[in-house]
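A closer look at the structure
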Amino acid sequence: MSCNPALTLARTARWTYSDAMTAHDFNIPADRLPELLCAMPKAELHMHIEGSLEPELIFALAQRNGVTLPYASVEELRQAYAFTNLQSFLDIYYAGASVLLEEQDFYDMAWAYLERAAADNVLRTEMFFDPQTHTARGVDVKVVIDGLHRACVDAEAKLGVSAALILCFLRHLSEEEAFETLAQALPYRDKFIGVGLDSSEVGHPPEKFAKVFARCRELGLRLVAHAGEEGPPAYVWSALDVLKVERVDHGVQSAKDPALMARLAKDRIPLTVCPLSNLKLCVFPDLKEHNLKTLLDAGLAATVNSDDPAYFGGYMNENFLQTFAATGLTAKHAWQLAANSFEGSFIDDAAKAGYIERLDETFARFAA
Ligand code: ADE
Ligand code: ZN
């Protein structure tokens, strides 16, 4: 049990902070907030493993596999990371993934991320991967899944990080191609827990993938989709009502639609928000303008995530630190974000309660 009565009280209502806690804000001294953000246990629910490929690893894998890159050096590649919108990023992101050919490459990429996640006190991570980015280059889906899954197994044993995989369909491709990808992946069904939808959003609404998501649902796969990153609130509605997703990735455009905000709050649909991604892809002009606080204060189950950390300037803790510094979020928001991340994850209720207990213990240690 938690040794902090205020925190125990909080759990009476679905792991949301109570008015009593709001009043004294956990007694966490403001100057200890950055340290607390780093130390608190958390789950990461929105990261693309191909987006964790650091330039140094891209060059090392290119050399190992004899792939020629259109950049002369790590520095030159890094300089190309000046994005104006989602598409300008995706063009470079897909080019970076071209160095991945062998099972060991996928393992090395995932392992590098998992070590980084462990250092940020991420105890649970649900990692996206894009099989079509690799099968289009002749890499077998088995090579992709086996390499990533082996790293997940090792993460549990060697790092104490629980890691799972979510297969994403590329929405700029057809639904027929998504069905083909699903068929190729199904022999390895035990190695991924769900499916998602990513890539270029505008012009590719969720309903384009209604049939393949319905099939995945029949198969018992967990369902998520990117919606409302750059696209309108209508895409979030159709992700919920047509695809029947359990979480919405990004979803920040939902704030433009009060009825949608009410629905997301009522159903406690997790939104996997990625502040540094939103900043780098110009979804918000400045981190100060980010609407994370609005989402949280409206009762939405928002979380903080890194999306593509190698490209957007930070892993989990960097997202927390920069966002809190820019927007004036407080300790109660920190607790809520971490609790939301466990609540929104695809682990069982006993595991959720165990992680939230550890969260409470960390907050109790920091209380004045
Ligand atoms: N693939 C990798 N990162 C993405 C993002 N932020 N949005 C859509 N697709 C992606
Ligand atoms: Zn994403």
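Residues numbered from 1 in each chain as written. Chains lettered and ligands numbered in written order. Predicted model: local features only at pLDDT ≥ 70, side-chain atom pairs only at ≥ 80, totals over all residues. Heavy atoms only, no water.

1. Digging into the nonpolar core
Counting residues in hydrophobic clusters, the biggest one holds 110 residues, and the most contacted among them are Met-127, Phe-169, Phe-213, Tyr-311 and Phe-363. Residues contacting Met-127, with those up to four places away along its chain left out, are Met-47, Ile-49, Ala-110, Tyr-113, Leu-114, Cys-152, Ala-163, Ala-164, Leu-165 and Ile-166. Within the second largest apolar cluster, five residues are counted, among which are Phe-128, Ile-166, Cys-168 and Val-224. (Core = buried A, V, L, I, M, F, W, Y, C linked by side-chain atoms within 4.5 Å. Buried < 20%, exposed > 50% of the residue type's maximum accessible area, 1.4 Å probe, protein only. Contact = heavy atoms within 4.5 Å.)

2. Concerning the site of ligand 1
Taken together, His-48, Leu-86, Phe-89, Leu-90, Tyr-93, Asp-198, Ser-199, His-226, Glu-229, His-250, Asp-307 and Asp-308 make up all the residues around ligand 1. In the environment of ligand 1, a nitrogen atom lies 3.4 Å from a nitrogen or oxygen atom belonging to the side chain of His-48. At a separation of 2.8 Å, a nitrogen atom of ligand 1 approaches a polar backbone atom of Ser-199. Of the residues forming the shell around ligand 1, the biggest block, four residues, is contributed by helix α6 (residues 86–96). (Near = heavy atom within 4 Å. Polar contact = N/O pair within 3.5 Å; in protein donor to acceptor, adjacent residues only side chain to side chain. Helix = DSSP H or I, 4+ residues; strand = E, 2+ residues; numbered from the N terminus.)

3. A closer look at the pairing of strand β6 (residues 247–250)
Where strand β5 (residues 222–227) meets β6, four bridges bridge the pair, whose relative direction is parallel. Each residue of the ladder has a partner; that of Ala-225, found in β6, is Val-248. Sheet analysis places β6 next to strand β7 (residues 270–273), joined by two bridges and oriented parallel. Considered in β7, the bridge of Val-248 is made with Leu-271. Viewed along the sheet, the connection from β6 through helix α13 (residues 258–266) into β7 turns out right-handed. (Pairing = 2+ DSSP bridges. Right-handed = clockwise from strand over helix to strand, strands pointing away.)

4. Let's talk about the coordination of the zinc ion (ligand 2)
The protein atoms donating to the zinc ion (ligand 2) are His-46 (NE2), His-48 (NE2), His-226 (NE2) and Asp-307 (OD), with metal-donor distances spanning 2.0 to 2.3 Å. Seen from the zinc ion (ligand 2), its four donor atoms lie at angles of 84 to 176°, and the figure they make is irregular. All donor residues of the zinc ion (ligand 2) come from one chain, and their arrangement in sequence is H-x1-H-x177-H-x80-D. Here His-46 falls in the buried class, since its relative accessible area comes to 0%. Here His-48 falls in the buried class, since its relative accessible area comes to 4%. (Donors = N, O, S within 2.8 Å, 3.2 Å for Na, K, Ca; no water. Tetrahedral: all angles 85-135°; square planar, octahedral: opposite > 155°, others 65-115°.)

5. A short note on helix α4 (residues 55–65)
Turning to α4, its buried residues are Pro-55, Ile-58, Leu-61 and Ala-62. Summarising the axial view, the buried residues of α4 lie within an arc of 125°, below the 170-degree limit, and thus occupy one face. In this structure, the buried residues of α4 make contact with α5 (74–79), α6, α7 (103–119) and α16 (309–312). Two residues or fewer past α4, Gly-66 is found with a positive phi of approximately 65°. (Arc of directions from axis to C-beta.)

6. Section: the sheet that holds strand β2 (residues 122–129)
Spatial ordering of the open sheet is given by β1-β2-β3-β4-β5-β6-β7-β8, a layout of eight strands whose pairing is parallel. In the strand order of this sheet, the two ends are held by β1 (42–48) and β8 (301–304), each with one partner. Taken over all neighbouring pairs, the strand axes of this sheet differ in orientation by 25° on average, direction set aside. In this structure, β2 lies alongside strand β3 (residues 162–170), joined through six bridges in parallel fashion. Counterpart to Arg-124 in the pairing with β3 is Ser-162. Against the sheet, helix α9 (residues 141–159) makes contact with β2 and β3, and its axis sits at roughly 155° relative to β3, the strand it touches most. (Axes fitted to C-alpha atoms, helices over the stretch in contact; angles between N-to-C directions.)

That is the geometry; function is a separate question.
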